[in-house]
Structures are given as C-alpha cells and as structure tokens.
Amino acid sequence: MKPFDYIRPESLEYAAQQQQRDGGRFIAGGTNLLDLMKLEVETPERLFDLNRMPMAQIEPEGEGLRIGALVSNNACAADPRVRRDYPVLSRAILAGATFQLRNRATTAGNLCQRTRCYYFYNTAMPCNKREPGTGCSALNGINRIHAILGASDQCIATYPGDMAVALYALDATVEILQASGGRRHVPVRDFHRLPGDEPEKDNVLEPGDVITGVVLPPPPQGVQLYRKVRERSSYAFALVSVAAVVRMDGERIAEASLAFGALAHKPWHDPRIETLLAGEVPSDAVFDKAADLLLEGAEDYGHNGYKIPLARRTLKEVLRNATGGGQ
Amino acid sequence: MPQTNRSLTINGDTYEFSGDPRTSLLDFLRRDCGLTGTKKGCDHGQCGSCTVIVNGQRINSCLSLAVMHDGDAITTIEGLGTPDDLSPLQAAFVKHDAYQCGYCTPGQICSAQAMLEEAKAGWPSFVSDDLDGEVKLTREEISERMSGNICRCAAYSNIVEAILETMEAGE
Ligand SMILES: Cc1cc2nc3c(=O)[nH]c(=O)nc-3n(C[C@H](O)[C@H](O)[C@H](O)COP(=O)(O)OP(=O)(O)OC[C@H]3O[C@@H](n4cnc5c(N)ncnc54)[C@H](O)[C@@H]3O)c2cc1C
Ligand code: SF4
Ligand code: FES
Ligand code: FES
C-alpha cells in the first residue's frame, strides 16, 4: 500500500474543501477502498475519515425516509421502517456480501463501490478505468462478468452492487454536500455514469462532493421484489439481478418500476419497459415484449453472451411472481 | 501530519496505537498486540478468518485501519475464553469437532458469537421468508449468516451443530 496522510476532519465542510483543494479520498467502511489500496489500484495521498461525522441516522423526510451516508448496510436492512415500507431495499442489501462486510459497508460507500472487473484489479494489465488511455483488456479478453448494455469501446465493466439496484427501482435521490457549502440533489438514476470516453468516472461526483444521505420517496404501493442470480447462493456478486416494484389494479398492471443489476456500468433503468407494462394484463407474451425492449441493444463480447437469455428469464420470473400472471 | 496516539480497548485492556496509518486492525492485533489468535487468510475480505467483534459487531479486521478504531471496544478470540475457561461456543466447537486444521476457527467463533446477538436483535437475513417475522436460527439461517467464514477443511456441518447446541443450551 502506498503511504498516505490520515486526516480526521473536524467538519464535513472542512473535509469537502480540503479534498477539493488537495485531492485524496473519503473513507467510510473502507471495505472497497482499502481492498483496492492494498493492490495499489487506488493510491490516494490522503484519506479523510468520515466516520465520526453525524451522518449515521435514518429519519423521516416528508412522507419518505432519509438514510444517512454512514448508516451501515446491515442497520439499513434491519430498520423496521425499511423492512415494512421498502422491503426491496432490505432484500437487495441482504443479498450482498456478508454480515461482517455489511456491518462496515455504508450507504454512500456502497453506492460508490467500484467495478469487480478482474483487469481493473490487476495492475499488470492495461485498463482505461484505472489508467485512462492504456486500453481495455476485457474487450478482447475474458469478459464473463462484463456489461451487455450501454458499454463503450473504452470500457465494458459493470457496476457490481445490489443496494443501488433497489434504489433505482424506488427512484431515490442522492443528497450531496459540495465544497462550496452548497447542496445538490441528484436522482439516483442519474448518479452513476455510462463509460463513454471517460470510463475512469464511475459517477457524477465532482472533487469535494460528499454524499450526506439518500432520500427514499413515500413508500410505493404494491409488491416489491429483488431477485439476484449468482454462481453460489451466498457471498457472490450478481451475474444478473432485478429489482421490481409492481402495483396491480385488478387484473391489470397499474404501474411497474424495474431496475437491473450487473448488466451495465450502472444499474439499468429503461422507462420504456414501464410504459409498455402499464395497463397490460400480465402474460408471458407481454413479459417477452418487456424483455425485448430491455435487451434491444444487448451485446455479447465473447464470454458474457449467457447474460442475454439469463436477463430475459430472470425478468420474466420476477414479473410472474410480482403479478401472479404468465405461464 | 503529526502522529497522534490512538487508544483502543481490546478484550478489556487499553492499547495505544501510534504507528503507520496503513496498519490494518488485523496487523495491529497480531503484530503489535501479540494477539495472534485472529488469523490472516486472504487479507481482502473474502474469507472471514480475521473476524473480530468491534463495539458488539463482527467485522473483517483486514479491511479496516487500526487508526480508525480510536476509542472502540474490540473483542478477539482471546477475549471470549481461555484454554482453562472456554466460552460455551468454544467448548461446543471442541465437542463437535467443528474444525480440522483450525485456521478458520477463531474467526468462525467470533462470527458465531456476534451472529447470536444479531439474531436476538431480530436482524433478518437473505434466506428469511418474512422480513417482519421473528428470527428462528434454522440450519439454513445459520449457514447463510455464517457464509462470510470460509472453511477450507469444510467442517461446515459440525460448525452448524456446535452453534445449534450452544443456542439450545443458552435458551
Ligand atoms: C468479498 C466481498 C464481497 C462483496 N460482495 C458484495 C455483493 O455481493 N454485493 C454488493 O453490493 N457489494 C458487495 N461487496 C462490496 C461492498 O458492498 C462494498 O465494499 C461496500 O458497500 C463499500 O462501502 P464502504 O462504506 O466500506 O466504502 P469505502 O470502501 O469506505 O468507500 C468506497 C468508495 O466510496 C467513497 N465514499 C465513501 N463514503 C463517501 C461519501 N460520504 N461521499 C462520497 N464518497 C464516499 C470512497 O471515497 C470510496 O471511493 C463485497 C465486498 C467484498 C470485499
Ligand atoms: S472493462 Fe473497464 S475496468 Fe475492465 S479492463 Fe476494460 S476499461 Fe478496465
Ligand atoms: S483475512 Fe480478512 S477476510 Fe480473509
Ligand atoms: S478447520 Fe481448516 S479451514 Fe476451517
């Protein structure tokens, strides 16, 4: 690990200003950042430890709920309000990592976790995300866990997390404190980026931006589900995942909000699918049309083609379970 | 940056940390405090052999910096029991042969200790049918809740038995 200065800032505002001025990383649970620092994939010159900042509360915000940036993943998943009103969020968190890791992992750290692309982790290999301009080893390499949607010829990595997929389905908002002292609110669906020509940028945070919390809208009505497909039934990242919030009106689907994990550089959300499903009587034919839209631009890079039928089947299964229709 | 002393309470005793901020909590325990019960398997959060209990919660000590634990209360395997005075879980692990080489065992036991508390607090897991229901630690629940502790010798079934017996004795 490269040496760094350890700084325990006296206030968030100070942390934001210093980080913008001098560079470095914020550290929360450390479960992603320290892993990457040990491998020298990340080499920050300073660490700003956010852990003693007052951001570890879950509190009502209007009719919704505000999850502080430092709330541990386990505390969030176990919170009675989250379990009752936002079960898809509890379920998605519980599907990720382990109890030990989730005791340290935080809301903001989880949102900002980096890709698990093996070439990104291997400093002996070219990688545009780690070292812009060096090339993408995955494009013509082993790309079994890589993106089928929204990739570029610069990077085909996926965002690997589970929690954020549920936040996309719930249409949550990320609350950010800027170095200027101002606040901005970014819909979570606009928080992560597609790789384009700048794969080194995972999300829209600018230097000095500190996430202070995530705001959940008023509890949605209907069924909430999270389905994660992985290589073993615990302690493994998703190959495909689907978060769904579906409200029925008698026989028909009134409203469906869907997000997909492990398919792209960000959790995938396609409003056309929701428009298509609204008002329909659930059937496999309708579910297949939804999958057609989802997978319209899907690309097989050599080893990840299995994700295309897998995403279709997972989506259909989730829609069957959520609506009681189909098959 | 001036080095500031940090003080950690480990198994009830106070330890000062003033070393290189790169030191993981795991290396601090093993190298600086001589508490070598906690084991280093992967050093990357993937195996659980470094599990310790911090302020009542189990964590991977390899993915945490000692300097971040100023003021924290840490329990390691040495703090749970001694060879002459085993904790109930330690005794059950011995009785049920819940290990072969024993390398993962301190992490397994610290993890199980904290897991019993999490279940008492009603924390759900991935396999809980009902998020609101009471937590019943079935074999399936225990396996899921212990999945962060890998055992290369695959003593899993005996680990589950040892935990089940400890739970039943505690009821
Ligand atoms: C073995 C293993 C298995 C895992 N399996 C899964 C899985 O199945 N599913 C899953 O979803 N995740 C999984 N994870 C990832 C885990 O969820 C993340 O490591 C964790 O959520 C990161 O949170 P943290 O608080 O520890 O972040 P840190 O490591 O502290 O930080 C991560 C990043 O977030 C930034 N950051 C932190 N807080 C803020 C803030 N307030 N404002 C701005 N930036 C901030 C940091 O600068 C850093 O860049 C796994 C991890 C490991 C090690
Ligand atoms: S897919 Fe992205 S992260 Fe992986 S090697 Fe290519 S540029 Fe790097
Ligand atoms: S040594 Fe910490 S998890 Fe393996
Ligand atoms: S007893 Fe050998 S690794 Fe578990």
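Residues numbered from 1 in each chain as written. Chains lettered and ligands numbered in written order. Predicted model: local features only at pLDDT ≥ 70, side-chain atom pairs only at ≥ 80, totals over all residues. Heavy atoms only, no water.

## As for the overall build of chain B
In step 1: Helix and strand counts for chain B come out as six helices and five strands.
In step 2: Ordered by position from the N terminus, the helices and strands of chain B form the series β-β-α-β-β-β-α-α-α-α-α.
In step 3: Against the globule reference of 16 Å for 171 residues, chain B gives a C-alpha radius of gyration of 16 Å, in line with a compact fold.
In step 4: The 171 residues of chain B split such that 53% are buried.
In step 5: If you take every contact in chain B between residues at least 6 apart in sequence, the share linking residues at least 24 apart comes to 53%.
In step 6: Per element, the accessible surface of chain B, about 7700 Å² overall, is 48% carbon and sulfur. (Helix = DSSP H or I, 4+ residues; strand = E, 2+ residues; numbered from the N terminus. Rg over C-alpha atoms; globule rule 2.2 N^0.38 Å. Buried < 20%, exposed > 50% of the residue type's maximum accessible area, 1.4 Å probe, protein only. Contact = heavy atoms within 4.5 Å. Areas by Shrake-Rupley, 256 points an atom, 1.4 Å probe, with all protein chains shown as cover.)

## As for the nonpolar core
Residue and element names in this part refer to chain A.
In step 1: Among the nonpolar cores identified, the biggest contains 54 residues, and L50, L89, L111, L167 and L216 are the most heavily contacted of them.
In step 2: With eight residues, helix α9 (residues 163-170) is the largest single contributor of residues to this core.
In step 3: Filtering out sequence-adjacent residues up to four positions away, L89 remains in contact with C76, V82, M163, A166, L167, L170 and L216.
In step 4: One finds I148, V240, A264 and L294 within the second-largest nonpolar core, a separate group that totals 30 residues. (Core = buried A, V, L, I, M, F, W, Y, C linked by side-chain atoms within 4.5 Å.)

## Observations regarding the environment of T98(A)
In step 1: Note on placement: T98(A) falls in the loop between α5 (87-94) and α6 (99-104).
In step 2: Using a relative accessible area of 2% as the deciding quantity, one classes T98(A) as buried.
In step 3: Spatially, the C-alpha atoms of T98(A) and N74(A) are 9.5 Å apart, while their sequence positions differ by 24 residues.
In step 4: The residues touching T98(A), leaving out its near neighbours within four places in the chain, are Y235(A), S147(B) and G148(B).

## Section: the sheet that holds strand β4 (residues 58-61) of chain A
Residue and element names in this part refer to chain A.
In step 1: Spatial ordering of the open sheet is given by β4-β5-β8-β6-β7, a layout of five strands whose pairing is antiparallel. Of all the strands in the sheet, just β4 and β7 (183-187) have a single pairing partner and so form its edges. The average angle at which neighbouring strand axes cross in this sheet is 30°, direction not considered. (Pairing = 2+ DSSP bridges. Axes fitted to C-alpha atoms, helices over the stretch in contact; angles between N-to-C directions.)

## Overview of the site of ligand 2
In step 1: In the neighbourhood of ligand 2, 14 residues make up the surrounding shell, with C117(A), C127(A), C136(A), C155(A) and I156(A) lying closest.
In step 2: Class assignment for the residues of the shell around ligand 2 results in nine nonpolar, four polar and one charged. (Near = heavy atom within 4 Å. Nonpolar A, V, L, I, M, F, W, Y, C, P; charged D, E, K, R; others polar.)

## Examining a negative patch on the surface
Residue and element names in this part refer to chain B.
In step 1: Together, D129, D130, D132 and E140 make up a negatively charged patch on the protein surface.
In step 2: Tracing the sequence through the fold places D132 in the loop between α4 (105-120) and α5 (139-145).
In step 3: The class for D132 is exposed, based on a relative accessible area of 53%. (Patch = residues over 30% accessible without salt bridge, like charges linked within 9 Å, V, L, I, M, F, W, Y side chains within 5 Å. Salt bridge = Lys/Arg side-chain N within 4 Å of Asp/Glu carboxyl O. Lys, Arg positive; Asp, Glu negative; His and termini not counted. Charge placed at Lys NZ, Arg CZ, Asp CG, Glu CD.)

## Some remarks on the site of ligand 1
In step 1: Every one of the 37 residues lining ligand 1 counts as a neighbour, but F26(A), G30(A), T31(A), T106(A) and D162(A) are closest to it.
In step 2: Lying at an intersection of chains, ligand 1 is approached by residues of chains A and B.
In step 3: Within the side chain of T31(A), an N or O atom sits 2.6 Å from an oxygen atom of ligand 1.
In step 4: L33(A) places a polar main-chain atom, nitrogen or oxygen, 2.8 Å from an oxygen atom of ligand 1.
In step 5: Isolated, ligand 1 exposes 990 Å² of accessible area, and the fraction of that covered by the protein chains is 96%.
In step 6: Breaking the shell around ligand 1 down by element, the ones donating at least two residues are β2 (25-27), α6, α7 (107-111) and β8 (210-216) of chain A. (Polar contact = N/O pair within 3.5 Å; in protein donor to acceptor, adjacent residues only side chain to side chain.)

## Examining the interface of chain A and chain B
In step 1: Taken together, the 40 residues of chain A in the interface contact 41 residues of chain B.
In step 2: Summing both partners gives a buried area of about 3500 Å² for chain A against chain B, and 55% of it is carried by carbon and sulfur.
In step 3: Across the contact surface, chain A and chain B share two salt bridges.
In step 4: Taking the shortest distance from any N to any O, the salt bridge between D70(B) and R8(A) comes out at 3.2 Å. (Buried area = accessible area lost by both parts, 1.4 Å probe.)

## Describing the pattern of salt bridges
In step 1: The final tally for this structure, using the stated rule, is 39 salt bridges over all chains.
In step 2: A salt bridge links R31(B) to D32(B); its shortest N-O distance comes to 3.0 Å.
In step 3: Note on D32(B): relative accessible area 41%, which makes it partly exposed.
In step 4: Sharing partners across several salt bridges, the network here consists of R25(A), E42(A), R114(A), K129(A) and D202(A).

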